[in-house]
Protein chains: 2
Amino acid sequence: MPIAEELKQSRPFPAKSQEAAVALMRTADLVRRAVAAVIEPRGITTQQYNVLRILRGAGERGLPTLEIAERMIEQTPGITRLIDRLESKRLVSRERCTTDRRQVFCRIRSEGLELLETLDKPLAESEQEALGSMGQQDLLQLVELLDRARTGLSAALLAPRTN
Amino acid sequence: MPIAEELKQSRPFPAKSQEAAVALMRTADLVRRAVAAVIEPRGITTQQYNVLRILRGAGERGLPTLEIAERMIEQTPGITRLIDRLESKRLVSRERCTTDRRQVFCRIRSEGLELLETLDKPLAESEQEALGSMGQQDLLQLVELLDRARTGLSAALLAPRTN
DNA sequence: GATTGGTACTTGTCTAATCAATCATTGAGC
DNA sequence: GCTCAATGATTGATTAGACAAGTACCAATC
């Protein structure tokens, strides 16, 4: 269904770029909700899950707090308290770096790894179910187009407009 | 830049559908932030802006509260208080429907329309700057792919998994 | 070794989002 | 007309997010 119809818009989009922006956010929200439907019943939010995934990828050594923030899918300024919550759930541990005592290294704990493992399969299935109808060719093309979209976007964000 | 590189992932995505899901949410977050950079300095959030846009499209008659919620780009359960805030800013008005007293019709006020008008041009420019580098052909294709992605997604959300 | 600028968080405070429970109202069936 | 489930919206309590200011630390210079 076209986005204009889905949102019952009375008039067509003035420019294709605007339609693309709306379609993009709307589609991403659906993905986010599909993912949340799998993750949140296990007692963590999608953002907390994102942090755990990042830390699993980082391995033994862990990562400093702000390094995690940079790698998040959705950027958040509240990274400290986000990790506070993961720590109080005993899913991650934190330790001040000895060589640079300003940094705090975060590591995923075995409880966190186990939680992630229980989510790996259901999430893969959910993604497959949600986007699998598209075919490899379409997915490849979509990923490619999104990569290019981000190029212009990050440039636009770095050079904020002067209204 | 490919998404795996952007997020400094240590291993490649196991499936293209997962890469697409991550790229989608990441890209949408960039769009959201670019839009927010234009809108929020005027004292409203992107969600409040979304409501105002919906009500402008709805015209004189307005829309019942939950009808607005359905048309939002990002679905929110907190629609009542979202509109509360718009009402206290005197950007919208509310009135209980006389034929079905359960419903509350919301209408955009002239102050709201004026605010929207001041945002129309800067937003269009920002969108153009952010996605304009892509070319009409690419945008068309992107919109088309996203439309198809949503088909599978809404099906997946309506039939929640039984974990 | 004191100073200065910058980095890496952390904390306080306020605002906003979420979830469950509630209320008024309606329409359908008896 | 009376019940009773369903609808539309609101409220209360908890949790989370946003922004600004603050703390601790490092590295380089004077």
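Residues numbered from 1 in each chain as written. Chains lettered and ligands numbered in written order. Predicted model: local features only at pLDDT ≥ 70, side-chain atom pairs only at ≥ 80, totals over all residues.

(A) Quick look at the overall build of chain A. Across its full length, chain A carries seven helices and three strands. Put simply, chain A runs from its N terminus to its C terminus through helices and strands in the order α-α-α-β-α-α-β-β-α-α. For chain A, the spread of C-alpha atoms along the principal axes amounts to about 60 × 45 × 30 Å. Within the span of chain A, comprising 163 residues, buried residues form 36% of the whole. Taking the intrachain contacts of chain A between residues at least 6 apart in sequence as the baseline, contacts between residues at least 24 apart amount to 45%. (Helix = DSSP H or I, 4+ residues; strand = E, 2+ residues; numbered from the N terminus. Buried ≥ 20, exposed ≤ 12 C-beta atoms within 10 Å, placed from the backbone. Contact = placed C-beta atoms within 7 Å.)

(B) Fine view of the relation of the copies chain A and chain B. Superposition record for chain A on chain B: RMSD 0.1 Å, screw rotation 180 degrees, translation along axis 0.0 Å. The transformation just described matches what one would write down for a two-fold rotation axis. (Least-squares fit on C-alpha atoms with pLDDT ≥ 70 in both.)

(C) How the structure looks around the protein's contact with DNA strand C. Taken together, 20 residues form the shell around DNA strand C, and within it Pro64, Thr65 and Arg102 of chain A together with Gly78 and Arg101 of chain B come nearest. Those elements that place two or more of their residues in the surface near DNA strand C are helix 4 (65-71) and helix 5 (79-88) of chain A together with helix 5 (79-88) of chain B. Of the residues in the surface near DNA strand C, the class split is five nonpolar, seven polar and eight charged. (Near = placed C-beta within 6 Å. Nonpolar A, V, L, I, M, F, W, Y, C, P; charged D, E, K, R; others polar.)

(D) Geometry of the packing of helix 2 (residues 16-39) of chain A against helix 6 (residues 110-131) of chain B. Across the interface, helix 2 of chain A lies against helix 6 of chain B with an axial gap of 9 Å and an inter-helix angle of 80 degrees. With respect to each other, helix 2 of chain A and helix 6 of chain B are oriented roughly perpendicular. Residues Ser17, Gln18, Ala20 and Ala21 of chain A of helix 2 of chain A pack against Ala124, Glu127, Gln128 and Leu131 of chain B of helix 6 of chain B. Grouping the constituent residues of the contact of helix 2 of chain A with helix 6 of chain B by class yields four nonpolar, three polar and one charged. (Axes fitted to C-alpha atoms, helices over the stretch in contact; angles between N-to-C directions. Parallel < 35°, antiparallel > 145°, perpendicular 65-115°, else oblique.)

(E) Looking closely at the pairing of strand 3 (residues 104-108) of chain A. Residues and elements named next belong to chain A. Two elements, strand 1 (residues 63-64) and strand 3, share two bridges in a ladder whose sense is antiparallel. In the strand pairing of strand 3, Leu63 is matched with Cys106. The pairing of strand 2 (residues 92-96) with strand 3 spans five bridges and is antiparallel. Bridge pairing in strand 3 links Arg96 to Val104. (Pairing = 2+ DSSP bridges.)

(F) Looking closely at the interface of chain A and chain B. Taken together, the contact pairs 67 residues of chain A with 67 residues of chain B. When residues of the side of chain A that touches chain B are traced back to their parent elements, those giving at least two are helix 2, helix 6 (110-131) and helix 7 (135-158) of chain A. In terms of residue count, the dominant contributor to the side of chain A that touches chain B is helix 2 of chain A (21 residues). Of the residues that constitute the side of chain A that touches chain B, the class distribution is 35 nonpolar, 16 polar and 16 charged.

(G) Region of the structure containing the sheet that holds strand 3 (residues 104-108) of chain B. Here we have three strands laid out as an open sheet, ordered 1-3-2 (chain B), and antiparallel in their pairing. With one partner strand each, in any of the chains shown, strand 1 (63-64) and strand 2 (92-96) of chain B form the two edges of the open sheet.

(H) Spatial organisation of the protein's contact with DNA strand D. Surrounding DNA strand D, one finds 19 residues, the nearest of these being Arg101 of chain A together with Pro64, Thr65, Leu66 and Arg102 of chain B. For the surface near DNA strand D, the elements supplying multiple residues, two or more each, are helix 5 of chain A together with helix 4 (65-71) and helix 5 of chain B. In terms of residue class, the surface near DNA strand D is made up of five nonpolar, seven polar and seven charged.

(I) Molecular detail of helix 2 (residues 16-39) of chain B. The end-to-end C-alpha separation of helix 2 of chain B is 34 Å, in line with the 34 Å expected for 24 residues at 1.5 Å each. Among the 24 residues of helix 2 of chain B, 20 are classified as buried, and the element is accordingly described as predominantly covered. (Expected span 1.5 Å × (residues − 1).)

(J) Geometry of the environment of Leu157 of chain A. Position of Leu157 of chain A relative to the elements: it lies in helix 7. With 33 residues separating them in the primary sequence, Leu157 of chain A and Ala124 of chain A have C-alpha atoms 32 Å apart. Not counting residues within four places of it along the chain, the set of residues in contact with Leu157 of chain A comprises Leu30, Arg33 and Ala34 of chain B.

(K) Up close: the environment of Asp100 of chain B. Residue and element names in this part refer to chain B. Within the secondary structure, Asp100 is located in the loop between strand 2 and strand 3. In this structure Asp100 comes out as exposed when scored by C-beta crowding, with 9 C-beta atoms within 10 Å. A sequence separation of 37 residues divides Asp100 from Leu63, and the C-alpha atoms of the two residues are 13 Å apart.

(L) Seen up close, helix 6 of chain B. All names here are of chain B. In a regular helix each residue adds 1.5 Å, so 22 residues correspond to 32 Å; helix 6 covers 31 Å between its end C-alpha atoms and thus fits that length. At Asp120, helix 6 shows its largest kink, close to 35 degrees, and the proline Pro122 lies no more than four residues downstream. Taken together, the buried positions of helix 6 are Gly112, Leu115, Leu119, Leu123, Ser126, Glu127, Ala130 and Leu131. (Bend = angle between axes of the 7 residues up to and from the residue.)

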